[in-house]
Amino acid sequence: MTGNATTRFADVALLSVTRRLPSLVTTSSAIQERLAPALRRLRLPSNLLERVAGVEERRNWAPGEDADSATVAAGREALELAGVEPDEVGLLINTSVTRKHLEPSVAVGLHHGLGLPSSAVNFDVANACLGFINGMSLAAGMIESGQIRYAVIVNGEDADDIQRTTVDRLLTQDRGREGFMEEFASLTLGSGAAAAVLGPADAHPEGHRVLGGVTRAATQHHRLCIGSPEGMFTDAEGLLEGGLELVVDAWKDAIPEWDWEAMDRYVTHQVSRVHTRAIVEAVGLDRARVPTTYPTLGNVGPASVPITLAQEAETLGAGDRVLLMGVGSGINTAMLELAW
């Protein structure tokens, strides 16, 4: 494989990872109750979300809560846990899909909310559900090169509006089964926020080493999943097939340099039961080492990986090997290894 999509880092550590979850729990039963007329008309199961995706509930922002405030809170906690002062931060990368406006970047408001110094570079990185892993790799490269000392990677997602809009549309428009299923993925989305702090490993022996990984692209599939504020329209079967093919190819490409067959934990992007099972089977992962959060949180976009990693952090021990894995619309895939 030519190109430069394989990376290794010698002196970068993950110092902390945190999450913030909305307080409002929305069950799949509640969504399906609203959609009951459409489900009956199309002769679809009344428990479609649980049966097909394995999503039983997801989180939504309650009154007084919002993604930006939660992201700032997650970032503050991550800095505190890492023992890093805001004025030591040289880089903030926001990786959210959610954005309320085209300009300015979401990162500028978060930079201000976190009280970071004027010298801290800040920008958005958008790459569908891979954003957080990409952000970590970018930050690691800047730390390794000596451009910065500490980086904060953040993500805040708000799926509330898109979910309401989708339900309303499916009820008011005379959609056939194919049209309904094209928007099915929107019903599995959830909201949440996460943050991580990266820094030099030599100064933080207690940190978790960021070793490196691979990224691969199959952009011939860039029309299979199109998202906008109005809705997300997906060719689910095509996306699954194309994503699995790319994951398997990337996994095989990585074999000469990386041994990922016996990791202690595989933290995957959380889509659904079908996608998790397919990836486990495609590359032969130990299912017991693949934690899931989609049953109770749904698909929280790029925040899924750090939210799941934050959940698993308490059960990981020194020396455990962790592989972050994701597939994003487009299609792209990324795998990044951590030594806990």
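Cut-offs and rules
- Residues numbered from 1 in each chain as written.
- Predicted model: local features only at pLDDT ≥ 70, side-chain atom pairs only at ≥ 80, totals over all residues.
- Heavy atoms only, no water.
- Helix = DSSP H or I, 4+ residues; strand = E, 2+ residues; numbered from the N terminus.
- Rg over C-alpha atoms; globule rule 2.2 N^0.38 Å.
- Contact = heavy atoms within 4.5 Å.
- Lys, Arg positive; Asp, Glu negative; His and termini not counted.
- Charge placed at Lys NZ, Arg CZ, Asp CG, Glu CD.
- Axes fitted to C-alpha atoms, helices over the stretch in contact; angles between N-to-C directions.
- Parallel < 35°, antiparallel > 145°, perpendicular 65-115°, else oblique.
- Left-handed = near helix turned anticlockwise from the far one by under 90°.
- Nonpolar A, V, L, I, M, F, W, Y, C, P; charged D, E, K, R; others polar.
- Buried < 20%, exposed > 50% of the residue type's maximum accessible area, 1.4 Å probe, protein only.
- Arc of directions from axis to C-beta.
- Salt bridge = Lys/Arg side-chain N within 4 Å of Asp/Glu carboxyl O.

A. Molecular detail of the overall build of the protein. In terms of helices and strands, the protein carries twelve helices and 14 strands. By the compact-globule yardstick of 20 Å for 340 residues, the protein fits well, its C-alpha radius of gyration being 19 Å. For the C-alpha atoms alone, the extent of the protein along its principal axes is close to 60 × 45 × 35 Å. Contacts in the protein between residues far apart in sequence, at least 24 positions, make up 80% of those at least 6 positions apart. Between the averaged position of the 28 positive side-chain charges in the protein and that of its 44 negative side-chain charges there is a distance of 7 Å.

B. Just the packing of helix H4 (residues 67-82) against helix H5 (residues 106-113), in detail. Their axes nearest at 10 Å, the elements H4 and H5 cross at an angle of 50°. Relative to H5, H4 is oriented oblique. The two elements H4 and H5 cross, and the hand of that crossing is right-handed. Two secondary-structure elements touch here, H4 through Asp68, Thr71, Val72 and Arg76 and H5 through Val106, Leu110 and Gly113. Each residue belonging to the contact of H4 with H5 can be placed in one class, and the counts come to three nonpolar, two polar and two charged.

C. The arrangement of unusual backbone geometry in detail. With omega at -10°, the peptide bond leading from glutamate 103 into proline 104 counts as cis. Here proline 104 shows up in the loop between strand E5 (89-94) and H5. Glycine 330 connects to isoleucine 331 through a cis peptide bond whose omega is -5°. Tracing the sequence through the fold places isoleucine 331 in the loop between strand E13 (321-328) and strand E14 (332-339). The phi torsion at arginine 43 lies on the positive side, around 55°, for a residue other than glycine. A positive phi angle, close to 50°, is found at alanine 128, a residue other than glycine. Tracing the sequence through the fold places alanine 128 in the loop between strand E6 (121-124) and helix H6 (131-145).

D. Geometry of H5. Every buried residue belonging to H5 is among Val106, Ala107, Leu110 and His111, and all of these are buried. Seen along its axis, H5 keeps its buried residues to an arc of 130°; they face one direction. Contacts made by the buried residues of H5 are with H4, E5, E6 and strand E7 (150-157).

E. Spotlight on the pattern of salt bridges. Tallied over the full model, the rule gives 13 salt bridges. When the shortest N-O distance is used, the salt bridge between glutamate 77 and arginine 20 registers 2.5 Å. Here glutamate 77 is found in helix H4, whereas its partner arginine 20 is found in strand E2 (residues 12-20), with 57 residues between them in sequence. For arginine 20, a relative accessible area of 29% puts it in the partly exposed group. Notably, a salt bridge pairs arginine 265 with glutamate 312, separated by 2.5 Å at the nearest N-O pair. On the criterion of sequence distance, the pair formed by arginine 265 in strand E12 (residues 265-268) and glutamate 312 in helix H12 (residues 304-312) is long-range, its members being 47 residues apart. Note on accessibility: arginine 265 and glutamate 312 belong to one class, buried. Through salt bridges with shared partners, a single ionic network connects Arg169, Arg175, Glu182 and Glu183.

Everything listed here is a matter of geometry and, on its own, says nothing about what the molecule does.
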